[in-house]
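This is what each chain is made of:
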Amino acid sequence: MQPVGGRSLSWDGHLVLVHDSESQRRAGVSAWVRRGLDLGAKIVYIEPRDVATERSLVRVLQDDGVDADEVLERGQLEVFRAGDDRFYRETWFTKVLEDALAEGYPTVRWSAEADTAWSVMSPEVHASVEAMTDLMCRSQPVSVLCQYSSHLGEATLKTVCALHGDGLRGALVQTTPLPDGCAVAGEVDRSDARMLHLALAAASAEPREDGSAFVVDLGALDFLDVAGARALVTGTETHRARGGTVCLRSAQPNVAHLLRLLGVDRLDGFSLEGSS
Amino acid sequence: VSPHRPIATGSYSHDLLVHDGDHDLVEGTRAFVDQGLASGGHVLVHSAPERVAMLRTVLGTHPRLEYGLDSDLYLTPMSTLFAYQRKLAESREPMELWATGTVPLGENPAGHAAWARYESAVNEVLSPYAFHGLCTYDLRALPPETIAAARATHPFVSTGAHRTASPEYQQPAAFLSNPAAGVPGPPDSPPTVSTTLHSHQDLRSARHLVAQSAVASSAVARHRIDAFVQAVNETLVNALQHGGATVQLKAWAETSRLTCLVADNGPGIADPMTGYAYPVPAGPRGLWVARQLCEDLFISNERRAGCSVLLTTA
């Protein structure tokens, strides 16, 4: 049984933060920076040249009780203002990483909003930057958090999901790719059900060649509400409509009880396995 | 004298049989069971063990006649109600269900009131189905208030062979104002949790506050706390969606009882029986789920504006 208060989800790796509102974005970014400070990591943040003061990272951190000026002064945090695409080139990434490691930082963390990148490059070029970043997060001591608004539309966000190897982070929930599906951890309620829908729609978009079930591992999901259960259904609708099946695996008792109450386990194409 | 109105097969009926001896009980039950079997339906006779044993001796067996114990089938009012609903709503083939017996009223007035609310809510929840109930109340064992409440919760009184409309019958929403319904209020003590929600993003901390106070201050089992928190969450989601800008949440954690009050200043919920009916496809199901995950849930509209929902579990 999980202790009351919820489990801590990971803020490391190549993650996408999908947010419905500015307050969700601020909470996510601040938690991500705090994690970096705890690790002693070098933190690099890129924001638009004309960023509004109240959206700037320094303000976000100050409002959350972080002494941003002090962290900037000692050089652990660097904020760059993007006027062109120079901060998105592999040569620049490599240079920042080498310098930080030489200075003794164990890891480097980058974050930016997608809008910032799109103000200096096309979405197509940005997608190739994301692919390069994903590779880098796998081979180097690097973590990257890309911030996307959930209002971008399903097609864009599906592409985004596919580009982030370590999955999606919402305020309360994380989805992580698995070889045969994806894992959902944390809590899903009305506030982040849409994110779960998008993550599942992206992860189950490709038909499974061997016809095996798309697995959704719910073992680390501590809470699911009716809106979240609906997202399990709508997020896999396309997959099931073309004959695919979905296996909801290892749901905790409260989650399994809700799924049975709502009859999700009896819907065509669904099975509930390994639930206590 | 009211005219005799026979039970119509394929429709809903919920009759009261008041008896002061085994003879009336056996004859009334026999007439009901015979009609149920003749209709082609499934018949259930349920009660305490001695009563079931006695009825089984006189009624015998039949492939479509089943005997059951209240201690297995009638655990709590809401679990019993929704189990019947599920059985009828989710049946793959049309099902005609005839159930007769007692309800386990319990030993205290609160138990009698809770089962009286069950008897009333049956009329809301099971009336869309081919369900027939004949509830037997024993004058020798039950106080007059309980018999009076039964007359207000059963549309018909019956001897088995003869049935007439009950003049004291009240619609389920109206019965909730009857003192016999014993609708509880929040505890007099100060709440252990008091907070305001402005958006769905406040749901998580509200859930954690309620769970933490329940774990810290009550002895209620953890799985019941989890279910209660889930019921509170759905009620909060509903209030945030329909109830205006802010939602007030108060919670009380007592040793053997959890209570929550969710109040908003929206237009109110027109029907206090909202959340009882089996949900339509793609329709809302938050309150329907909430009703099944706590012991009881009461909707009341405030005189000036707004709505409050009281949830309890024990």
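Preceding this paragraph is the structure being described.
Below you will find a few notes about this structure. This structure is a prediction, so every number in the text was calculated from the model and none was measured.

Residues and elements named next belong to chain A. With respect to the secondary-structure elements, S250 resides in the loop between β11 (246-249) and α11 (253-261). Look at S250 and you get partly exposed, because its relative accessible area is 28%. If we ignore the near neighbours within four places in the chain, the residues touching S250 are D217, L218, G219, E273, G274 and S275.

A few words on the interface of chain A and chain B. Opposite the 26 residues of chain A that make contact, chain B presents 28 residues. The contact between chain A and chain B buries some 2200 Å² in all, and 53% of this surface belongs to carbon and sulfur atoms. In this structure, the connection of chain A to chain B is made through four salt bridges. For R207 of chain B, the salt bridge goes to D189 of chain A, with nearest N and O atoms at 2.7 Å. Summed over the shared surface of chain A and chain B, the result is 12 residue pairs in polar contact (both at pLDDT 80 or more). Elements with a contribution of two residues or more to the side of chain A that touches chain B: α1 (22-39), β10 (221-224), α9 (226-235) and α11 of chain A. Here the side of chain A that touches chain B takes five residues from α11 of chain A, the largest share from any one element.

Once that is clear, we can look at the packing of aromatic side chains. What describes a pair of aromatic rings is the distance from one ring centre to the other and the angle between the planes of the rings. Going through the model one piece at a time under the given rule, you end up with 15 aromatic pairs over all chains. The interplanar angle of 65 degrees and the centroid separation of 5.9 Å between the aromatic rings of W118 of chain A and Y148 of chain A together place this pair among those described as edge-to-face. Here W118 of chain A is found in helix α5 (residues 114-118), whereas its partner Y148 of chain A is found in strand β5 (residues 142-149), with 30 residues between them in sequence. Owing to a relative accessible area of 25%, W118 of chain A belongs among the partly exposed residues under this scheme. A ring pair is formed by Y74 of chain B and Y84 of chain B, whose centres lie 6.1 Å apart and whose planes are at 70 degrees; its orientation type is edge-to-face. With Y74 of chain B in the loop between α3 (70-73) and α4 (77-89) and Y84 of chain B in helix α4, the pair connects residues that are 10 residues apart, well separated along the chain. Across the pair, exposure class does not vary: Y74 of chain B and Y84 of chain B are buried alike. Among the aromatic side chains, those forming a connected cluster through ring pairs are Y12, Y74, Y84, W115, Y118 and F131 of chain B.

Within the element layout of this structure, L39 of chain A appears in helix α1. Filtering out sequence-adjacent residues up to four positions away, L39 of chain A remains in contact with D12, P106 and R109 of chain A.

A few words on empty space enclosed by the protein. Residues and elements named next belong to chain A. One pass over the structure, following the stated rule, counts eight cavities of 30 Å³ or more. In this structure, the largest cavity encloses a volume near 170 Å³. As for the largest cavity, its lining consists of 18 residues, and the residues nearest its centre are Y88, A112, H126, V144 and C146. By residue number, the principal contributor to the lining of the largest cavity is β5, which donates five residues. Considered class by class, the residues forming the lining of the largest cavity number 12 nonpolar, four polar and two charged.

Sheet strands line up and pair through hydrogen bonds in the backbone, either parallel or antiparallel. All names here are of chain B. Judged by pairing direction, the sheet is mixed, and its seven strands sit side by side in the order β3-β2-β4-β5-β1-β6-β7 without closing on themselves. Here the strands that pair on one side only, and so sit at the sheet edges, are β3 (65-69) and β7 (163-165). Going from strand to strand, the sheet's axes swing by 25 degrees on average, the running direction of each strand aside. Two strands pair when backbone bridges link them, and strand β2 (residues 42-47) and strand β4 (residues 97-101) are joined in this way by five bridges, in the parallel orientation. Within the sheet, the bridge partner assigned to L44 lies in β4 and is A99.

Okay, the pattern of salt bridges next. Residues and elements named next belong to chain A. Overall, the coordinates contain 29 salt bridges over all chains when judged by the stated rule. As a salt-bridge pair, R138 and D134 come within 3.4 Å of each other at their nearest N and O atoms. Placement of both R138 and D134 in helix α6 (residues 123-139) is noted, with a separation of four residues, approximately one turn of the helix. On the accessibility criterion, R138 (51% relative accessible area) is exposed. Each of E22, R25, R55 and E113 takes part in a single network of salt bridges with overlapping partners.

This part takes up the sheet that holds strand β11 (residues 296-301) of chain B. Residues and elements named next belong to chain B. Here we have five strands laid out as an open sheet, ordered β8-β9-β10-β12-β11, and antiparallel in their pairing. Both edges of this open sheet fall to β8 (193-197) and β11, since each of them pairs with a single strand only. The sheet shows a mean angle of 15 degrees between the axes of neighbouring strands, direction not considered. Taken together, the seven bridges between strand β10 (residues 257-264) and strand β12 (residues 307-313) define a ladder with antiparallel strand orientation. Bridging from a neighbouring strand, T259 pairs with T312 of β12.

Conventions we followed
- Residues numbered from 1 in each chain as written.
- Chains lettered and ligands numbered in written order.
- Predicted model: local features only at pLDDT ≥ 70, side-chain atom pairs only at ≥ 80, totals over all residues.
- Heavy atoms only, no water.
- Helix = DSSP H or I, 4+ residues; strand = E, 2+ residues; numbered from the N terminus.
- Buried < 20%, exposed > 50% of the residue type's maximum accessible area, 1.4 Å probe, protein only.
- Contact = heavy atoms within 4.5 Å.
- Buried area = accessible area lost by both parts, 1.4 Å probe.
- Salt bridge = Lys/Arg side-chain N within 4 Å of Asp/Glu carboxyl O.
- Polar contact = N/O pair within 3.5 Å; in protein donor to acceptor, adjacent residues only side chain to side chain.
- Phe/Tyr/Trp six-rings, centres within 6.5 Å; stacked < 30°, edge-to-face > 60°.
- 1 Å grid on protein atoms, 1.4 Å probe; cavity = no way out; pocket = protein on both sides within 12 Å on 5 of 7 lines; lining within 4 Å.
- Points joined across faces, edges and corners; volume = space filled by probe spheres on them.
- Nonpolar A, V, L, I, M, F, W, Y, C, P; charged D, E, K, R; others polar.
- Pairing = 2+ DSSP bridges.
- Axes fitted to C-alpha atoms, helices over the stretch in contact; angles between N-to-C directions.

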